[in-house]
Amino acid sequence: MNSPTAQHLRVVSPAFVIEQLPHAASPGDDWVVLVRGPEGLTVVRAARPLDSGERWIGFYGDATAHGLDIPGMLAAIVQPLAEAAIPVFVASTSHADLVLVPQQREQRAVIVLAEAGHQVESGDAEAGGPFWSQH
């Protein structure tokens, strides 16, 4: 990794869905990310077997965790994806970013990120477990 913003990303499981709920709706207890905006509540959760919506794959940079004062870390991931016309949905923690891409674009996203200097690890270190319960 040449650049100070190059990261070690891993593809996390499971696949996710992104839902938009009205303000008064309950997201349930299986959410991974909640964001409340003027238009309602955006919920990211693990995809259920019968979900019919678009599924998203997550790339998480916890192996190269960074402080909030390090500029360009998220841009280093989303810029090459944008240049490759790959849509993203992003949720950030205080030390790393979860970047979601449509499931059907996963292979292309891995190639694009690797070409941009990132190391991409396919699959979770602990196969089968959701990434948010591993730490």
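In the block above lies the structure referred to throughout.
It should be emphasised that the depicted structure is a prediction, and the values quoted were computed from it without experimental measurement.

Chemist: Summarise the packing of helix α1 (residues 73-83) against helix α2 (residues 106-115); cite the residues concerned and give the values.
Modeler: The geometry of α1 relative to α2 is characterised by a closest axis approach of 9 Å and an angle of 120 degrees between their N-to-C directions. In terms of their interaxial angle, α1 and α2 are classed as oblique. In the crossing of α1 with α2, the sense of the turn from one axis to the other is right-handed. Across the interface between the two elements, Ile77, Pro80 and Leu81 of α1 pack against Ala109, Val112 and Leu113 of α2. Here the residues of the contact of α1 with α2 are counted per class, giving six nonpolar, no polar and no charged.

Chemist: Explain the side chain of Asp97 to me, using residue names and the numbers behind them.
Modeler: Secondary-structure assignment places Asp97 in strand β6 (residues 97-102). One buried charged residue, Asp97, forms no salt bridge at all, with the nearest opposite charge on Arg10 at 13 Å. There is a polar contact of 2.5 Å between the side chain of Asp97 and the side chain of Ser92. When residues no more than four places from it in sequence are discounted, the contact partners of Asp97 are Phe59, Tyr60, Gly61, His66, Met73, Leu74, Ala91 and Ser92.

Chemist: Which residues make up the environment of Met73, and what values go with them?
Modeler: Turning to its location among the elements, Met73 is positioned in helix α1. What makes Met73 buried here is its relative accessible area of 5%. Residues Met73 and Ala96, 23 residues apart in the sequence, show an inter-C-alpha distance of 8.6 Å. When sequence neighbours within four positions are dropped, the list of residues in contact with Met73 reads Pro4, Thr5, Gln7, Thr64, His66 and Asp97.

Chemist: Account for α2, naming residues and giving values.
Modeler: Buried within α2 we find Ala109, Val112 and Leu113. Relative to the axis of α2, the buried residues are bounded by an arc of 95 degrees and lie together on one face. Facing away from the buried side of α2 by more than 90 degrees, the exposed set consists of Gln107 and Glu115. Tucked inside the fold, the buried residues of α2 contact β1 (8-21), β4 (56-60), α1, β6 and β7 (119-121). Positive backbone phi, at 100 degrees, marks Gly117, one or two positions downstream of α2.

Basis of the calculations
Residues numbered from 1 in each chain as written. Predicted model: local features only at pLDDT ≥ 70, side-chain atom pairs only at ≥ 80, totals over all residues. Heavy atoms only, no water. Axes fitted to C-alpha atoms, helices over the stretch in contact; angles between N-to-C directions. Helix = DSSP H or I, 4+ residues; strand = E, 2+ residues; numbered from the N terminus. Parallel < 35°, antiparallel > 145°, perpendicular 65-115°, else oblique. Left-handed = near helix turned anticlockwise from the far one by under 90°. Contact = heavy atoms within 4.5 Å. Nonpolar A, V, L, I, M, F, W, Y, C, P; charged D, E, K, R; others polar. Buried < 20%, exposed > 50% of the residue type's maximum accessible area, 1.4 Å probe, protein only. Lys, Arg positive; Asp, Glu negative; His and termini not counted. Salt bridge = Lys/Arg side-chain N within 4 Å of Asp/Glu carboxyl O. Polar contact = N/O pair within 3.5 Å; in protein donor to acceptor, adjacent residues only side chain to side chain. Arc of directions from axis to C-beta.

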